[in-house]
Amino acid sequence: MKGKAAFVVGAGVGYLLGTRAGRQQFEKIKAWASDTWHDPRVQGYVQDAEQAATEFARTQGSALKDKAVQTAKARFSGSDDDASAPTAGTWEPSDGPLVDADDANPDATRP
């Protein structure tokens, strides 16, 4: 499915950039995107988002930094502050040991 999607995207980009009609369509899309970006309503939303992000960083920034430092220290120092944290070298999937393709059919002969 990824291959088909990549092919379709590639064909579309090739059309837009490779043919005269495609280049004209690309220029129309580019002009529309520029007009949309510079629209005062869109810029209002952009400013609102910037202000919300700035305010969040001011109010929660130090708490997030403290939590990140605490988590990093706990992970790298080997402390048991978080009992559910896996220890180095002992992780196993919760549904049992990993099985590779050769283990799925152990009776099959191998070349």
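What you are looking at is a predicted structure, and each value in this text was computed from that prediction instead of being measured.

Trainee: Where do I start with the confidence of the model for the protein in this structure?
Mentor: Note that predicted coordinates carrying low pLDDT should not be read in detail. On average, the protein scores 79 in pLDDT, and the residues at 70 or more come to 69%. Confidence scores differ between elements of the protein, with helix α4 (residues 101–104) showing the lowest mean pLDDT of 55 and helix α3 (residues 40–77) the highest of 90.

Trainee: What is the right way to look at the environment of tryptophan 37 in this model?
Mentor: Tracing the sequence through the fold places tryptophan 37 in helix α2 (residues 20–37). If near-sequence neighbours (up to four positions away) are discounted, tryptophan 37 is found in contact with Val42, Gln43 and Val46.

Trainee: Help me understand α3, please; the structure alone is not making it clear to me.
Mentor: Taking 1.5 Å per residue as the helical rise, α3 with its 38 residues ought to reach 56 Å, and the 51 Å between its terminal C-alpha atoms agrees with that figure. The largest bend in α3 amounts to roughly 55° and is located at glutamine 60. The backbone nitrogen of arginine 41 has a side-chain oxygen 2.7 Å away, supplied by the residue at the start of α3, namely aspartate 39.

Trainee: Help me out: how do you make sense of the side chain of aspartate 39 in this one?
Mentor: Within the element layout of this structure, aspartate 39 appears in the loop between α2 and α3. Within the structure, the side chain of aspartate 39 is placed 2.7 Å from the backbone nitrogen of arginine 41, a separation counted as a polar contact.

Trainee: Just checking my understanding: could you explain a nonpolar patch on the surface for this structure?
Mentor: Taken together, the side chains of Val9, Val13, Leu17 and Phe26 present a nonpolar region at the surface, about 340 Å² in accessible area. Here the nonpolar patch gets 3 residues from one element, more than from any other, and that element is helix α1 (residues 2–18). On the accessibility criterion, phenylalanine 26 (31% relative accessible area) is partly exposed.

Trainee: For this particular structure, what's the right way to read the pattern of salt bridges?
Mentor: Any two side chains of opposite charge can pair, so long as their charged atoms come close to each other. Counted under the stated rule, the structure contains 4 salt bridges. Linking glutamate 27 and lysine 30 is a salt bridge whose minimum nitrogen-to-oxygen distance equals 3.7 Å. With glutamate 27 and lysine 30 both in helix α2 and 3 residues apart, this pair spans about one turn of that helix. Across the pair arginine 58 and glutamate 55 runs a salt bridge whose closest N-O atoms are separated by 4.0 Å. With arginine 58 and glutamate 55 both in helix α3 and 3 residues apart, this pair spans about one turn of that helix. Glutamate 55 gets classed as partly exposed once you look at its relative accessible area, which sits at 41%.

Quick notes on the rules
Residues numbered from 1 in each chain as written. Predicted model: local features only at pLDDT ≥ 70, side-chain atom pairs only at ≥ 80, totals over all residues. Heavy atoms only, no water. pLDDT = per-residue confidence, 0-100. Helix = DSSP H or I, 4+ residues; strand = E, 2+ residues; numbered from the N terminus. Contact = heavy atoms within 4.5 Å. Expected span 1.5 Å × (residues − 1). Bend = angle between axes of the 7 residues up to and from the residue. Polar contact = N/O pair within 3.5 Å; in protein donor to acceptor, adjacent residues only side chain to side chain. Patch = residues over 30% accessible without salt bridge, like charges linked within 9 Å, V, L, I, M, F, W, Y side chains within 5 Å. Areas by Shrake-Rupley, 256 points an atom, 1.4 Å probe, with all protein chains shown as cover. Salt bridge = Lys/Arg side-chain N within 4 Å of Asp/Glu carboxyl O. Buried < 20%, exposed > 50% of the residue type's maximum accessible area, 1.4 Å probe, protein only.

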